[in-house]
Amino acid sequence: MNKWIFASNSSGEHISLAAHLSAYYQKHPYASLGKEMLQNSMDAMADDKDNIILTFKLRELENSDIPGFEDMKKRIIASKKSDEDSNDNAPGWYTRAENMFSQKKIPVLEIHDENTNGLKGPCKKGTGFFAFMKAQGISADKGTGSGGSWGFGKNSILNLSCFNSFFVSTKYIDDGKQIHYSMGKITLSSHELNGQRYTGSGYFGKNSDDDGPIPFEGKNEIPEEWLVRKNVGTSIFIIGFDDQPDWEIRLISALMQTNYAAMLREQAIVKINNKI
């Protein structure tokens, strides 16, 4: 399976890409990312740990190594066609995406946390995994094993992707057993492809009759080795990362401003491209 799963848009309602682009997170993209990632990882700290470790690492992947890459291109092109009458925010985004499509290697920002509980499933209402992947504006409480509250915070992840897309890989403990999930998410405009109308929210996972798209479970199902986690915790992969030349400095600056006390007390240890 190498295609993204989008729900049918039977009502014909059009929601533009611009409706998903957050002005707040666009204004302070790296600061927002650092603040949201660190806060949510700290909220998910395991009870038997004294600190969390958060690692940001930039890498490049062949586009053939990104699950559903060719289908993603088709969806974005269809979204652009559907969005031609959108406001001024969207055309620049599509140009950025199309420019990155021409690259053989795609920048991916990996964000890994350690000493946390992970995003607990299954992918159903009331769980942390569902709140992160499928809910909008809902903050899961810590009692659900939420892996952080998130709410609107995941927009900080999408905002730094030239494709409005990310993958998550999480491992958590349930009744003494390790559970490993991985799933992709993309947010576009309502669009039409091959004569069918679709909503703008897409997922890369398995299709379930009862719950719609659900995550891959276990190493044997997860489509790429780079999505496999070794230990309990959560990894997020921003696909087509907007790696401005000073992104590391801006990220470090934001983390120091918003979480200096936690970092000083070593409750939070942050590594950026193998630098502490």
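The sections below set out a description of the structure shown in this document.

What to know about the overall build of the protein chain
Moving on, step 1. Tallying secondary structure elements over the protein chain gives 7 helices and 12 strands in all.
Moving on, step 2. By residue count, 52% of the 276 residues in the protein chain fall in the buried class.
Moving on, step 3. A fraction of 75% describes how many contacts in the protein chain between residues 6 or more apart in sequence connect residues 24 or more apart.
Moving on, step 4. In the form shown here, the protein chain has an accessible surface area of approximately 13300 Å², with 45% of it arising from carbon and sulfur atoms.

Re the nonpolar core
Moving on, step 1. Leu33, Phe56 and Ile111 are the most contacted members of the largest nonpolar core, which totals 38 residues.
Moving on, step 2. The element that contributes the greatest number of residues to this core is helix α2 (residues 29-43), accounting for 5 residues.
Moving on, step 3. Residues within four places of Phe56 in sequence aside, it is in contact with Leu33, Met37, Leu109, Glu110, Ile111, Leu251, Leu255, Val270, Lys271, Ile272 and Asn273.

Re α2
Moving on, step 1. For α2, spanning 15 residues, the distance from its first C-alpha to its last is 21 Å, which sits close to the expected 21 Å at 1.5 Å a residue.
Moving on, step 2. When we look at burial in α2, the residues that qualify are Pro29, Tyr30, Ser32, Leu33, Gly34, Glu36, Met37, Leu38, Asn40, Ser41 and Met42.

Side note on the environment of Met42
Moving on, step 1. Its place among the elements puts Met42 in helix α2.
Moving on, step 2. Taking C-alpha positions, Met42 is 9.2 Å from Asn115, a pair spaced 73 residues apart along the chain.
Moving on, step 3. Once residues lying within four places of it in the same chain are set aside, the contact partners of Met42 are Ile52, Ala262, Gln267 and Ala268.

Some points on helix α7 (residues 247-264)
Turn by turn, an α-helix covers 3.6 residues, leaving residues three or four places apart pointing in a common direction.
Moving on, step 1. With 18 residues, α7 extends just 22 Å between its outermost C-alpha atoms, more than 12% less than the 26 Å of an ideal straight helix rising 1.5 Å per residue.
Moving on, step 2. Where α7 bends most, at Thr258, the angle is about 75°.
Moving on, step 3. Buried residues of α7: Trp247, Leu251, Ala254, Leu255, Asn259 and Ala262, and no others.
Moving on, step 4. Considering only its buried residues, α7 is in contact with α2, β2 (52-62), β3 (105-114), β11 (233-241) and β12 (268-272).
Moving on, step 5. Of the residues flanking the end of α7, it is Glu266, one or two places downstream, whose phi is positive at about 60°.

Here's the deal with the environment of Asp47
Moving on, step 1. Inspection of the secondary structure puts Asp47 in the loop between α2 and β2.
Moving on, step 2. C-alpha separation for the pair Asp47 and Asn117, spaced 70 residues apart in sequence, amounts to 8.6 Å.

Re unusual backbone geometry
Moving on, step 1. Look at the link from Gly121 to Pro122: it is a cis peptide, with omega at 5°.
Moving on, step 2. The residue Pro122 is located in the loop between β3 and α5 (128-133) in this model.
Moving on, step 3. Positive phi, normally seen in glycine, also occurs at Asn115, with a value near 65°.

Looking at the packing of α2 against α7
Moving on, step 1. It is at 8 Å that the axes of α2 and α7 come closest, and there the two elements cross at 45°. In terms of orientation, α2 lies oblique with respect to α7. The way α2 lies across α7 gives a crossing that is right-handed. Residues Pro29, Tyr30, Ala31, Gly34, Lys35, Leu38, Gln39 and Met42 of α2 pack against Trp247, Arg250, Leu251, Ala254, Leu255, Thr258, Asn259 and Ala262 of α7.
Moving on, step 2. Taken together, the residues of the contact of α2 with α7 break down into 10 nonpolar, 4 polar and 2 charged.

Examining the pairing of β2
Moving on, step 1. Sheet topology places β2 next to β12; 5 bridges connect them, and they run parallel. What sits directly across from Ile53, in β12, is Ile269.
Moving on, step 2. Bridge count between β2 and β3: 10 bridges; the pairing is antiparallel. Paired with Leu58 across the bridge in β3 is Leu109.

Some details on the pattern of salt bridges
Moving on, step 1. What the rule picks out here adds up to 8 salt bridges.
Moving on, step 2. With a closest N to O distance of 3.1 Å, Arg96 and Asp242 form a salt bridge. Of this pair, Arg96 sits in helix α4 (residues 89-101) while Asp242 sits in the loop between β11 and α7, placing them 146 residues apart in sequence.
Moving on, step 3. Judged by relative accessible area, Arg96 falls into the partly exposed class, the value being 26%.

Rules and cut-offs
- Position labels on residues start from 1 in each chain and follow its written sequence.
- Thresholds applied to this predicted model are a pLDDT of at least 70 for local features of residues and 80 or more for the giving and counting of side-chain atom pairs; totals over whole chains, interfaces and linings are not thresholded and use all residues.
- To get the side-chain values, all heavy atoms of the structure are used, and hydrogens and water are removed first.
- A run of DSSP states H or I qualifies as a helix once it reaches four residues; a run of E qualifies as a strand once it reaches two. Both are numbered from the N-terminal end.
- Here the term buried applies to any residue with accessible area under 20% of the maximum for its type, exposed to any over 50%, and partly exposed to those in between, with areas from a 1.4 Å probe on protein chains only.
- Should any heavy atoms of two residues lie within 4.5 Å, those residues are considered in contact.
- Reported accessibility uses the Shrake-Rupley method at a 1.4 Å probe radius. Residues are deemed covered only where the shown protein chains occlude them.
- Here, nonpolar core means buried Ala, Val, Leu, Ile, Met, Phe, Trp, Tyr and Cys residues that are tied together by side-chain atoms lying within 4.5 Å of each other.
- Every helix has an expected span of 1.5 Å times one less than the residues it contains.
- For a residue, the bend is simply the angle between two axes, fitted respectively to the seven-residue segment ending there and the seven-residue segment starting there.
- To get an axis, fit a line to the C-alpha atoms, keeping to the stretch in contact for a helix; angles then go from 0 to 180 degrees between the N-to-C directions.
- Here the word oblique covers every angle except those under 35 degrees (roughly parallel), over 145 (roughly antiparallel) and from 65 to 115 (roughly perpendicular).
- Each crossing is labelled by how the near helix is turned from the far one, with a counterclockwise turn of less than a right angle marking it left-handed and a clockwise turn marking it right-handed.
- Throughout this entry, Asp, Glu, Lys and Arg are counted as charged residues, while Ala, Val, Leu, Ile, Met, Phe, Trp, Tyr, Cys and Pro are counted as nonpolar. The remaining residues, Gly among them, count as polar.
- Strands are labelled as partners when DSSP assigns at least two bridges between them.
- The working definition used for a salt bridge is a side-chain nitrogen of Lys or Arg within 4 Å of a carboxyl oxygen of Asp or Glu.

Any functional reading would require information beyond the geometric quantities listed.
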